[in-house]
Amino acid sequence: MKLSAENISQFNDQGYLFFPELFSKNEIAKLQNEVPSILNRTGPEIVREKHDSKAARLAFGVHSYSNPFEHMLRHPRMLEPVKQLLNDEVYLHQSRLNPKYGFGSGASWDWHQDYPPFQYIDGMKEPKCIMATVFIDDCTAVTSPLLVIPGSHKYGLFESKLHEDAKGKGYALHHIDNTLLEKLANESTIEPLIGPAGSAAFVLCTLVHGSANNVSPWRRAVLYMNYNAVSNACTESSRPWFQNNRDFTPLNSLGDDCLE
Ligand SMILES: O=C(O)CCC(=O)C(=O)O
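Only a predicted model underlies this, so the values are computations on that prediction, with no experimental measurement involved.

Novice: Is there a simple way to explain the overall build of the protein in this structure?
Specialist: For the protein, the count of helices and strands is 7 helices and 13 strands. Radius of gyration (C-alpha) of the protein: 17 Å, near the 18 Å computed for a compact globule of 260 residues. Expressed as lengths along the three principal axes of its C-alpha atoms, the size of the protein is roughly 45 × 40 × 35 Å. Buried positions account for 55% of the 260 residues belonging to the protein. Counting contacts in the protein only where the partners sit at least 6 residues apart, residues at least 24 apart contribute 85% of the total. With the model as given, the accessible surface of the protein reaches about 11,200 Å², and the carbon-plus-sulfur share is 51%. Mean positive and mean negative side-chain charge positions of the protein (24 and 30 charges, respectively) differ by 4 Å.

Quick look at the structure:
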């Protein structure tokens, strides 16, 4: 997929792009079929919800143990736009599946930027990293969609604190304080990313985003793939491979029919 000049200018201005139904129902069914076995894993790559230890909050490194997810990582509709936006070859820094279970099990995500742990812990020099997002389930107004603040990336890296819930949990969420959030939201707005399964978004790693807990009865699973520019490869190695992938080999696209 080739982005237009208008797409690129919108990305530079808003900090993200959204494409409803970028993948067909058949293509996305290949990934949906994998979700139960992925979430039954018991290794350190699976982070559990604080208030429901049976429910997975995140499955890190999902591209490395599921073929359809590995194909999604190298799908031209995901990889080529990322390369175009970063104007570089890219490798995968981190992949994660967030199942966001219903009935309140899928807990909220405080407002944050993805970049602080990448910089502070993993040694990523610059925010030349994109969170490519694929909806595995429908994301609607009632399933606590991902919320973004358009244009918030223009401020660069905000001061943030390590979230209490994240300490010692194998992931590092730095949340943004309420005063700053109010200022950003009033200056811009808050946009929900809503669309059927198969929709996709490209989000710069400094864009402020978050979500509420999912009190609907429906699961709302989303795949996140953080691609980093090869020229911006991380220098530290304290986190495990599934949070800080040390393989900087540039990714090549598969065929457009790789999920059919
Ligand atoms: O999917 C969500 O609800 C939020 C996840 C998120 O913000 C993240 O993984 O960075």
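Novice: Help me understand unusual backbone geometry, please; the structure alone is not making it clear to me.
Specialist: Phi is mostly negative for residues that are not glycine, and the peptide bonds are mostly trans. The backbone of Lys100 shows a phi angle near 45°, a positive value even though the residue is not glycine. Looking at where Lys100 falls in the secondary structure, it is placed in the loop between β4 (90-98) and β5 (109-112). Phi angles above zero are rare outside glycine, and Phe103 is one such case at about 55°. Position of Phe103 among the secondary structure elements: in the loop between β4 and β5.

Novice: I keep staring at the site of the ligand and nothing clicks. Help me out?
Specialist: Looking at the ligand, the residues that line it are Arg96, Asn98, Lys100, Trp109, His112, Asp114, Leu146, His209, Ser211, Arg220 and Tyr224. In isolation the ligand offers 300 Å² of accessible surface; the protein chains occlude 99% of this area. Mapping the ligand onto the cavity grids shows that it belongs to the largest cavity. Mapped onto the shell around the ligand, the elements with two or more residues apiece are β4, β5 and β12 (209-211). Of the residues in the shell around the ligand, the class split is 3 nonpolar, 4 polar and 4 charged.

Novice: Honestly, the sheet that holds strand β1 (residues 16-19) in this entry has me stumped. Any pointers?
Specialist: Hydrogen bonds along the backbone pair up the strands of a sheet, which may run parallel or antiparallel. Sheet architecture is open: 7 strands sit in the order β1-β11-β6-β13-β4-β3-β2, paired in antiparallel fashion. The open sheet has two free edges, formed respectively by β1 and β2 (46-48), since each of these has just one partner strand. On average, adjacent strands in this sheet sit at an angle of 15° to one another, irrespective of strand direction. Two elements, strand β6 (residues 129-135) and strand β13 (residues 222-229), share 7 bridges in a ladder whose sense is antiparallel. When the sheet's bridge partners are listed, Phe135 is paired in β13 with Val222.

Novice: Looking at this structure, I do not really get the pairing of strand β3 (residues 56-60). What am I missing?
Specialist: The side chains of a regular strand alternate between the sheet's two faces. In terms of burial, β3 is a largely internal element, 5 of the 5 residues being buried. Here 3 bridges tie β2 to β3, and the two strands are oriented antiparallel to one another. Bridged to Ile46 within β3 is Ala59. Bridge analysis of β3 against β4 gives 2 bridges, and the strand direction is antiparallel. Pairing of Phe60 across the sheet is with Arg96, part of β4.

Novice: Just checking my understanding: could you explain empty space enclosed by the protein for this structure?
Specialist: Scanning all chains against the criterion turns up 1 cavity of 30 Å³ or more. Size it by volume and the largest cavity reaches roughly 260 Å³. Arg96, Trp109, His112, Asp114 and Leu173 are the residues nearest the centre of the largest cavity, which is lined by 22 residues in total. Sorting the residues of the lining of the largest cavity by element identifies β3, β4, β5, α6 (115-120) and β12 as the ones contributing at least two each. Of the residues forming the lining of the largest cavity, the biggest block, 3 residues, is contributed by β4. Looking at the lining of the largest cavity, its residues break down into 11 nonpolar, 7 polar and 4 charged.

What counts as what
- For every chain, the first residue of its written sequence is number 1, and the numbers climb from 1 along that sequence.
- Only residues with pLDDT of 70 or above have their local features reported here, since the model is predicted, and side-chain atom pairs are shown and tallied only from 80 upward, although totals for entire chains, interfaces and linings are computed over all residues.
- Only hydrogens and water are set aside when side-chain values are computed; all heavy atoms of the structure are taken into account.
- Helix and strand assignments come from DSSP, with helices taken as H or I runs of at least 4 residues and strands as E runs of at least 2, each series counted from the N terminus.
- Values of the radius of gyration come from C-alpha atoms, whereas the globule rule sets the reference at 2.2 Å times the count of residues to the power 0.38.
- Residue exposure (1.4 Å probe, protein chains only): buried if accessible area is under 20% of the type maximum, exposed if over 50%, otherwise partly exposed.
- The contact rule is simple, with two residues in contact once any of their heavy atoms fall within 4.5 Å.
- Note on areas: these come from Shrake-Rupley sampling with a 1.4 Å probe, and a residue is covered only by the protein chains present in the view.
- In this tally, Asp and Glu contribute negative charge and Lys and Arg positive charge; neither His nor the terminal groups of the chain are included.
- By convention, the point assigned to a charge is CZ for Arg, NZ for Lys, CD for Glu and CG for Asp.
- One heavy atom suffices: a residue is near a molecule or strand as soon as one of its heavy atoms comes within 4 Å of it.
- Every definition here rests on a 1 Å grid over the protein atoms only: cavities are sets of points where a 1.4 Å probe fits but cannot get out, pockets are open sets enclosed by protein on both sides within 12 Å along at least five of seven lines, and lining residues have some atom within 4 Å of a point.
- What decides whether a molecule sits in a cavity or pocket is whether more than half of its atoms lie within 2 Å of the grid points.
- Residue polarity follows a fixed list, in which Ala, Val, Leu, Ile, Met, Phe, Trp, Tyr, Cys and Pro are nonpolar, Asp, Glu, Lys and Arg are charged, and the others, Gly among them, are polar.
- The rule for pairing is simple: two strands pair if DSSP sees at least two bridges between them.
- Only the contacting stretch of a helix is used when fitting its axis, a line to C-alpha atoms as for every element, and angles between N-to-C directions run 0 to 180 degrees.
- Grid points are joined across faces, edges and corners, and a volume is the space filled by probe spheres set on the points.

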